Amino acid sequence: MSAAKSADGTAVRRPWVVGVSGASGTPYAASVIRGLLAAGEAVDLVVSRAARLTILDETGISFRDAHWRQDLARWLGSDEGLDDVRHWAAGDFAAGPSSGSYPAKGMLVVPATTGAVAGIALGLSKDLLQRVASVTLKERRPLVVCVRETPLNGVTLKHLVELDAQGAVVLPASPGFYAGGSTVRELVDFVAGRVLDAAGVPHRMYRRWEGELGAAARGPAGAADTVE
């Protein structure tokens with residue numbers, strides 16, 4: 001699913017870029033990455049400097065460039081599928097995804113700080129995360145921005161409207177309860193599932209609404225109950 005054929009018939013890797021900024025809500029990012037890998041998608045990962053502090057604060061895990069694979073496995077709770085992950089340092093402006101010629105499918109920024117929202121909306125490219133987001137917009141590829149902040153002030157709301165005008169999907173980290181989720185993990189997976197929905201990536205992460213009142217009483221989705 002994550003590769004296409006080049007003119008000479010060889011496979012071309014086409015990853016989703018996942019940008020993790022410093023907002024609280026790093027479990028959303030971990031769930032999105034797990035969902036992408038479960039769907040057979042390749043992932044290019046950019047973790048901002050601020051996000052490393054948040055990951056450490058929320059999970060106790062240090063995310064280090066030199067040991068990113070081991071640290072990512074601890075963060076995700078598994079090393080399954082990590083052969084399809086490529087990591088780029090936040091300060092590496094020569095990274096592959098910083099160019100529009102790099103064959104990425106699109107980008108998911110999760111969670112997104114208000115600072116990242118502003119930087120992307122204004123095209124500041126202060127770090128690799130913002131640069132890749134700008135490239136994604138200019139190449140007319142899907143960009144999903146999962147903002148995690150409350151309340152939102154007028155300046156941030158203007159930036160979000162600007163992102164929408166530029167073609168991005170603005171997706172607040174707001175879980176729905178109709179899917180029957182009652183644990184933190186289930187509510188996190190609901191938001192992650194909506195991010196994947198916006199990107200067009202199939203998954204089985206939450207119970208979808210099917211027009212039946214009271215379905216949530218049967219409990220959360222589970223693989224057998226979810227429509228792909």
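What counts and what doesn't
Starting afresh in each chain, residues are numbered from 1 along the sequence in its written order. Confidence filtering applies because this is a predicted model: local features only for residues at pLDDT of at least 70, side-chain atom pairs given and counted only at 80 or more, and all residues used for totals across whole chains, interfaces and linings. Hydrogens and waters are ignored; side-chain quantities use all the structure's heavy atoms. A pair of strands is treated as paired once DSSP finds two or more bridges between them. A run of H or I in DSSP becomes a helix once it reaches four residues, and a run of E becomes a strand once it reaches two; helices and strands are each numbered from the N terminus. Note on contacts: a residue pair is in contact if any heavy atoms of the two residues lie within 4.5 Å. All axes here are fitted lines through C-alpha atoms, helices being fitted over the stretch that makes contact, and every angle between N-to-C directions spans 0 to 180 degrees. Using protein atoms alone on a 1 Å grid, points that fit a 1.4 Å probe yet trap it form a cavity, whereas open point sets bounded by protein on both sides within 12 Å along at least five of seven lines form a pocket; residues with an atom within 4 Å of a point count as lining. Grid points are joined across faces, edges and corners, and a volume is the space filled by probe spheres set on the points. Amino acids are sorted into nonpolar (Ala, Val, Leu, Ile, Met, Phe, Trp, Tyr, Cys and Pro), charged (Asp, Glu, Lys and Arg) and polar (every other residue, Gly among them). Candidates for patches are residues over 30% relative accessible area with no salt bridge; among them, like charges are joined within 9 Å and nonpolar side chains (Val, Leu, Ile, Met, Phe, Trp, Tyr) within 5 Å. Method for areas: the Shrake-Rupley scheme with a 1.4 Å probe, in which residue coverage is limited to the protein chains shown. Just to be clear on terms, a salt bridge is a Lys or Arg side-chain nitrogen sitting within 4 Å of an Asp or Glu carboxyl oxygen.

Draft legend 1. Structural detail: the sheet that holds strand E5 (residues 85-88). Across the sheet, 6 strands lie side by side as E5-E4-E3-E6-E7-E8; this open sheet has parallel pairing. Pairing within the sheet leaves two strands with one partner each, and these edge strands are E5 and strand E8 (169-170). Direction of pairing for strand E3 (residues 16-20) relative to strand E4 (residues 43-47): parallel, over a ladder of 5 bridges. Its bridge partner lying in E4, Trp16 is registered against Val43. Contacting E3, E4 and E5, helix H2 (residues 49-59) crosses the sheet at an angle of about 90° to E4.

Draft legend 2. Quick peek at the layout of surface pockets. Of the volumes computed, that of the largest pocket is approximately 170 Å³. Looking at the largest pocket, the residues that line it are Arg34, Leu37, Ala38, Leu76, Gly77, Ser78, Glu80 and Gly81. When the residues that make up the lining of the largest pocket are grouped by side-chain class, the tally is 3 nonpolar, 3 polar and 2 charged.

Draft legend 3. Fine view of a nonpolar patch on the surface. A cluster of nonpolar side chains, Tyr178, Trp209 and Leu213, forms an exposed patch at the surface whose accessible area comes to about 390 Å². Its location among the elements puts Leu213 in the segment after helix H7 (184-199).

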